[in-house]
Amino acid sequence: MTAKFFEILVISLVIFIYAIVTYQRNFVWQNDLSLWQDVVKKSPLKARGYNNLGKKFNDLNKPKEAIKVLKIALSLCPYYAPVYTNLGISYCSLKAYIQGIQLFRKALSLDPYQFEAFYNLGMAYSEMGHDDKAIHLYRHAIELNPFDSDVHYNLGLVYKNRHFYKQAIDEFKKTIELRPNDYKPYLNIGMISLYHLKDREKALYYLSQALKLNPQQPQAFKIRQTIMELKKRGSR
């Protein structure tokens, strides 16, 4: 009887401990931030955990917190290219574009095929008004990853800013192929068609699509007025 009771007690204890561990793990996995905080706590000498934690802080728009943990990652592994890229993103979020550019270039010196470094370097130059450099870098990023919608969209914005409207429309159309439910590329094509190419039919189509995809967008009232005016002109 005593042996049987002891056996049941041991089994119950094992089940109880397993339940606690499972609960704690589920809590940790509820979000990526908790996950990577748990990883660095359990593996404090591995750079990858700090890098991914820093990336998550960047995703949450917490660049100062990201910088702290990414610097720890660099101290553990100074030749890990993704850390320099993520650190560059942190500094660019703080408008420290010069530091960001230096870090992206360091990342590319370690890994010349890193899409994220080319893309973010292009964004940094774009923010600083260096459109020619941004175009070159975005194109290089597209060669590495032609299926990223963000790089096509941002390249389209730079082309639009430089008045290269045909190229801009091509990039916005590519964005639509990759991201068909985003109203922004439709809106940009519509505006270019209306104000620069004077193509009212195309403008009407793309502006209508933009409004359909997001009726609550900031320019919704103005777009509705423009669509009504284009329809009136078309009926004359």
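Everything below is about the structure printed above this text.
Residues numbered from 1 in each chain as written. Predicted model: local features only at pLDDT ≥ 70, side-chain atom pairs only at ≥ 80, totals over all residues. Heavy atoms only, no water.

Draft legend 1. Summary view of helix α7 (residues 115-127). Taking 1.5 Å per residue as the helical rise, α7 with its 13 residues ought to reach 18 Å, and the 18 Å between its terminal C-alpha atoms agrees with that figure. Where α7 is concerned, the buried positions are Phe115, Ala117, Phe118, Tyr119, Asn120, Leu121, Gly122, Ala124 and Tyr125. Structurally, α7 contributes buried residues whose contacts are with α5 (81-93), α6 (97-110), α8 (131-144) and α9 (149-161). Directly beyond the C-terminal end of α7, a positive phi value near 90 degrees is found at Gly129. (Helix = DSSP H or I, 4+ residues; strand = E, 2+ residues; numbered from the N terminus. Expected span 1.5 Å × (residues − 1). Buried < 20%, exposed > 50% of the residue type's maximum accessible area, 1.4 Å probe, protein only. Contact = heavy atoms within 4.5 Å.)

Draft legend 2. Structural detail: the environment of Leu204. In this fold, Leu204 is placed in helix α12 (residues 200-213). In this structure Leu204 comes out as partly exposed when scored by relative accessible area, which is 23%. In this structure the C-alpha to C-alpha distance between Leu204 and Ser193, which are 11 residues apart in sequence, comes to 8.8 Å. Those residues within four positions of Leu204 in sequence are excluded, and the remaining contacts are Ile227, Leu230 and Lys231.

Draft legend 3. Region of the structure containing the pattern of salt bridges. Overall, the coordinates contain 9 salt bridges when judged by the stated rule. Note that Arg179 and Asp150 form a salt bridge whose closest N and O atoms lie 2.6 Å from each other. In this pair, Arg179 is assigned in the loop between α10 (165-178) and α11 (183-195) and Asp150 in helix α9, connecting sequence segments 29 residues apart. As a salt-bridge pair, Arg233 and Glu229 come within 3.4 Å of each other at their nearest N and O atoms. Here Arg233 pairs with Glu229, and both are found in helix α13 (residues 220-235), just 4 residues apart, close to one helical turn. For Arg233, a relative accessible area of 36% corresponds to the partly exposed category. Given a relative accessible area of 30%, Glu229 falls into the partly exposed group. Where salt bridges share partners, they join Asp150, Arg179 and Asp182 into one cluster. (Salt bridge = Lys/Arg side-chain N within 4 Å of Asp/Glu carboxyl O.)

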